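As a plain string of letters, each chain reads:
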Amino acid sequence: MGSISLEHVNKSFGDVQVIPDISLDIKDGEFVVFVGPSGCGKSTLLRLIAGLEDTSSGTILLDGVDMTDAPPARRGLAMVFQSYALYPHMSVRDNIAFPLKMAKLPKEVIDQKVDYAARTLNLSSYLDRRPRALSGGQRQRVAIGRAIVREPKAFLFDEPLSNLDAALRVNMRLEITELHQQLKTTMIYVTHDQVEAMTMADRIVVLNAGNVEQFGSPLDLYKKPANRFVAGFIGSPRMNFVDGAEAAKYDAHSIGVRPEHFVLTRIPAPGSWEGVVSVAEQLGSDTFLHVQVGEFGLMTIRTDGEETFSHGDDVYLTPDATRIYRFDADGKAL
Amino acid sequence: MARKVSTQTRIGFTIGAWVVALLLFSPILWTALTAFKTEAEAIASPPTFWPQTFTLENFSAVQERSDYVKHAINSIIVALGSTLLGLAIGIPAAWAMAFAPTKRTKDVLMWMLSTKMMPAVGVLIPIYLIFRDLRLLDTVHGLTIIMTLINLPIIIWMLYTYFKEIPVDILEAARMDGAELWNEIVHVLVPMAIPGIASTLLLNVILAWNEAFWSITLTSGRAGTLTAFISSFSSPQGLFLAKLSAASLLAIAPILLMGWFSQKQLVRGLTFGAVK
Ligand SMILES: Nc1ncnc2c1ncn2[C@@H]1O[C@H](COP(=O)(O)OP(=O)(O)OP(=O)(O)O)[C@@H](O)[C@H]1O
Ligand SMILES: [Mg+2]
């Protein structure tokens with residue numbers, strides 16, 4: 001079991017309020033991702049759940065039990081750090097065995113569990129090495145091994161892949177997702193990479209300045225963003241926003257159109273916006289066009305990679321009327 | 001980064017280093033040579049460099065007159081005992097300051113260091129009276145306690161500097177792995193800080209070994225250390241240069257040997273970890 005509830009959790013460092021008031025319910029077995037811009041309090045929130053920081057006020061429940069004041073060692077959670085935080089003076093085997101030794105399991109059980117974890121994570125041939133003799137990806141695996149052997153109530157990950165190169169990151173992303181499907185243990189995963197968030201999460205928590213902007217499934221967030229912040233944060237490239245008279249036509253303070261929700265033509269169409277191509281980024285499968293559209297400024301449009309555009313081309317953009325997001329003056333979705 | 005150094009500069013520095021080292025070492029060398037001379041030769045003018053008649057009788061005279069072995073044992077107990085006791089107090093204290101600091105931690109550290117700037121005579125009378133009332137005068141354990149207290153600021157400062165270099169993530173990982181405070185310190189912090197702890201230990205053994213003020217004032221016959229042993233030679237026997245030299249040589253020999261075998265850790269210790 002591993003349900004996690006936060007009730008009106010507040011955290012201040014001295015006079016600086018980092019998390020004003022957060023309530024969250026994470027169900028047992030869920031894969032929840034915290035995303036948000038740098039400094040919005042993702043790590044702090046994770047560390048509060050871990051018990052590595054004390055809450056200023058509020059309650060944290062694990063499986064319905066109040067754990068607000070329990071030290072990390074008593075919470076039964078496992079954490080994978082961005083820096084891996086392996087014990088440099090211990091072999092890989094001892095690193096993975098450490099939580100089991102702390103739990104005072106008999107030696108045979110420890111050996112058996114360590115061997116099993118090492119086989120699952122392809123670490124069997126490195127068991128006697130020190131962490132410094134491992135590559136980044138191998139270190140990450142050891143950190144994960146150390147987390148899984150103790151069968152925790154939940155796993156906490158703080159940007160575990162950000163020190164890996166792009167290809168390895170994709171691999172590890174899949175491995176962690178697979179691990180979740182195998183173990184069915186609750187996982188909380190902090191990242192600022194929204195591709196990770198979209199692909200891994202059952203539900204995403206979008207944080208901004210210590211507040212939860214929205215908590216929902218990836219597609220919910222994409223299709224029904226609660227406000228302009230979430231709309232702008234989820235989706236890549238970013239949503240285009242238009243204010244003023246054009247927005248007023250849609251009875252809104254501002255409107256948003258995703259780059260993939262435009263029809264692009266070379267000749268004017270009814271209701272289309274006229275623009276000039278500024279930069280065309282060709283990715284092969286897609287082309288991202290950055291188009292200067294009169295008073296609306298620079299907009300990003302996604303097209304398939306078939307047609308080629310170059311700087312200075314005149315184009316006409318027709319937003320898909322059924323997929324226009326409308327926001328009021330406070331940025332709330334209408 | 002390795003900087004390019006021209007051969008000339010390197011030779012210059014090497015010669016300079018040797019000259020300085022020889023200058024610093026010359027009193028010890030002279031003492032060592034004198035210890036093997038006869039009293040007459042020791043004060044001969046002009047002085048001889050190499051002992052003309054090589055003799056060991058100074059050493060046996062010294063041992064006979066003031067029991068070198070007893071003083072040496074006292075020194076070992078006080079130096080090692082106070083250092084180990086200091087580490088036992090200092091490791092948890094430095095842990096708290098490095099990993100759970102408060103707004104006042106820096107001030108506390110400065111205050112502790114400031115006690116080292118106070119002349120020891122300033123607290124001589126209160127300490128003496130306390131020791132008299134607690135019957136700690138002229139006892140080895142009494143001297144061990146005072147030595148621990150004197151060196152504790154340095155021990156904590158050194159450990160604090162070393163602990164600061166340890167990433168706090170690793171200690172937090174231990175906590176997440178179910179390690180209570182004691183296990184975190186014993187299984188993770190201490191093994192990672194072993195080089196720093198070793199330097200601290202060595203430096204403090206040396207400081208406690210060389211400490212003279214308190215060992216002379218708080219002991220007489222029974223609990224005297226080697227510094228007290230030397231001082232008992234210097235005043236009444238001042239004119240017997242060869243015997244004084246023999247006593248000095250005996251007093252510094254153990255620590256000199258220890259220093260020789262642990263040069264690397266010592267350099268790290270003396271530079272507060274600045275040299276890697
Ligand atoms: N120990 C601390 N003392 C004071 N302020 C802190 C402390 N830890 C974090 N903060 C502040 O709290 C805010 C949130 O920090 P946090 O590390 O949670 O951000 P984050 O969302 O994880 O950012 P990033 O994506 O850069 O890791 C930041 O403004 C940071 O400066
Ligand atoms: Mg962070």
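Residues numbered from 1 in each chain as written. Chains lettered and ligands numbered in written order. Predicted model: local features only at pLDDT ≥ 70, side-chain atom pairs only at ≥ 80, totals over all residues. Heavy atoms only, no water.

By the naming in an unreviewed UniProt entry, chain B goes by Mannitol ABC transporter permease and is assigned to Devosia limi DSM 17137. Quoted verbatim from the Sequence similarities (unreviewed entry) field of the UniProt record, the comment on chain B reads "Belongs to the binding-protein-dependent transport system permease family." (UniProt positions renumbered as here; feature names shortened; annotations may be inferred.)

Where an unreviewed UniProt entry is consulted, chain A appears under the name Glycerol-3-phosphate ABC transporter ATPase, with the organism given as Devosia limi DSM 17137. The Sequence similarities (unreviewed entry) field of the UniProt record for chain A holds the comment "Belongs to the ABC transporter superfamily." UniProt, in the comment section headed Subcellular location (unreviewed entry), describes chain A in these words: "Cell inner membrane".

Asks: Would you mind going over the sheet that holds strand β14 (residues 273–282) of chain A with me for this structure?
Replies: Think of a sheet as strands paired side by side through backbone hydrogen bonds, with each pair either parallel or antiparallel. All names here are of chain A. Ordered in space as β13-β17-β14-β15-β16, the 5 strands form an open sheet in which the pairing is antiparallel. At either margin of the open sheet sits one strand with a lone partner, and together these are β13 (262–265) and β16 (297–304). Averaged over neighbouring strand pairs, the angle between their axes works out to 40° when direction is ignored. Sheet analysis places β13 next to strand β17 (residues 314–319), joined by 4 bridges and oriented antiparallel. Looking at β17, one finds that Leu264 is bridged to Leu317. (Pairing = 2+ DSSP bridges. Helix = DSSP H or I, 4+ residues; strand = E, 2+ residues; numbered from the N terminus. Axes fitted to C-alpha atoms, helices over the stretch in contact; angles between N-to-C directions.)

Asks: Could you clarify how one ought to interpret the site of ligand 1 in this entry?
Replies: Residues and elements named next belong to chain A. Taken together, Phe13, Val18, Ser38, Gly39, Cys40, Gly41, Lys42, Ser43, Thr44 and Glu159 make up all the residues around ligand 1. For ligand 1, an oxygen atom lies 2.6 Å from a polar atom in the side chain of Ser43. A distance of 2.5 Å is found between an oxygen atom of ligand 1 and a side-chain nitrogen or oxygen belonging to Thr44. Protein chains shield 57% of the accessible area of ligand 1, which is 630 Å² for the free molecule. With 3 residues, the top contributor of residues to the shell around ligand 1 is helix α1 (residues 42–50). (Near = heavy atom within 4 Å. Polar contact = N/O pair within 3.5 Å; in protein donor to acceptor, adjacent residues only side chain to side chain. Areas by Shrake-Rupley, 256 points an atom, 1.4 Å probe, with all protein chains shown as cover.)

Asks: Looking at this structure, how should I read the pattern of salt bridges?
Replies: For side chains of opposite charge, pairing can occur when their charged atoms come near one another. Enumeration according to the criterion identifies 22 salt bridges over all chains in this entry. Residue B:Arg175 is joined to B:Glu184 by a salt bridge in which the shortest nitrogen-to-oxygen separation is 2.9 Å. According to the relative accessible area criterion, B:Arg175 is buried, its value standing at 17%. Residues joined by salt bridges that share partners form a network here, namely A:Arg47, A:Glu53 and B:Glu172. (Salt bridge = Lys/Arg side-chain N within 4 Å of Asp/Glu carboxyl O. Buried < 20%, exposed > 50% of the residue type's maximum accessible area, 1.4 Å probe, protein only.)

Asks: Explanation requested: the packing of aromatic side chains in the structure shown.
Replies: Each aromatic ring pair is specified by the distance between its two centres and by the angle formed by the two planes. All names here are of chain A. This structure, assessed with the given rule, holds 16 aromatic pairs over all chains. Each ring, one from Trp273 and one from Phe296, has its centre 4.9 Å from the other, and the planes form 75°; the classification is edge-to-face. Of this pair, Trp273 sits in strand β14 while Phe296 is found in the loop between β15 (286–293) and β16, placing the two residues 23 residues apart along the sequence. Among the residues examined, Phe296 registers a relative accessible area of 18% and is labelled buried. Here the aromatic residues Phe31, Phe155, Phe157 and Tyr189 are joined through ring pairs into a cluster of three or more. (Phe/Tyr/Trp six-rings, centres within 6.5 Å; stacked < 30°, edge-to-face > 60°.)

Asks: Please explain the domain arrangement of chain A as it appears in this structure.
Replies: Bring the parts together and some accessible area is lost; that lost area is often taken as the interface size. Residue and element names in this part refer to chain A. On domain assignment, one finds that chain A holds domain 1 (4–232) and domain 2 (241–327). Spacing between the C-alpha centres of domain 1 and domain 2 amounts to 38 Å. Each partner contributes to the interface: domain 1 provides 8 residues, whereas domain 2 provides 8 residues. Buried area between domain 1 and domain 2, both sides added, is near 690 Å², and the carbon and sulfur share of it is 54%. Considering only the side of domain 1, the residues that lose the most area to domain 2 are Tyr222, Arg228 and Ala231, jointly responsible for 77% of the buried surface there. For the interface between domain 1 and domain 2, the tally reads 1 salt bridge. (Domains from an automatic or database assignment. Contact = heavy atoms within 4.5 Å. Buried area = accessible area lost by both parts, 1.4 Å probe.)

Asks: I keep staring at the packing of helix α1 (residues 7–35) of chain B against helix α13 (residues 241–261) of chain B and nothing clicks. Help me out?
Replies: Residue and element names in this part refer to chain B. In contact at an axis separation of 7 Å, α1 and α13 are set at 120° when each is read in the N-to-C sense. Overall, the two elements α1 and α13 adopt an arrangement that is oblique. Seen from above, α1 lies across α13 with left-handed handedness. Of α13, the residues touching α1 (which contributes Ile28, Thr31, Ala32, Thr34 and Ala35) are Leu241, Ala242, Ser245, Ala246, Ser248, Leu249 and Ile252. Residue classes in the contact of α1 with α13 are distributed as 8 nonpolar, 4 polar and no charged. (Parallel < 35°, antiparallel > 145°, perpendicular 65-115°, else oblique. Left-handed = near helix turned anticlockwise from the far one by under 90°. Nonpolar A, V, L, I, M, F, W, Y, C, P; charged D, E, K, R; others polar.)

Asks: Would you explain helix α4 (residues 136–148) of chain A in this entry?
Replies: Side chains three or four residues apart in an α-helix point the same way, a direct result of the helix having 3.6 residues per turn. Its 13 residues place the ends of α4(A) 19 Å apart at the C-alpha level, agreeing with the 18 Å of an ideal helix rising 1.5 Å per residue. The element α4(A) is largely enclosed, with a buried count of 11 among its 13 residues. Those residues of α4(A) that sit buried are A:Gly137, A:Gln138, A:Gln140, A:Arg141, A:Val142, A:Ala143, A:Ile144, A:Gly145, A:Arg146, A:Ala147 and A:Ile148. As for α4(A), its buried residues are in contact with β6 (77–80), α2 (92–102), α3 (107–120), β7 (154–158) and α5 (166–183) of chain A together with α8 (168–176) of chain B. (Expected span 1.5 Å × (residues − 1).)

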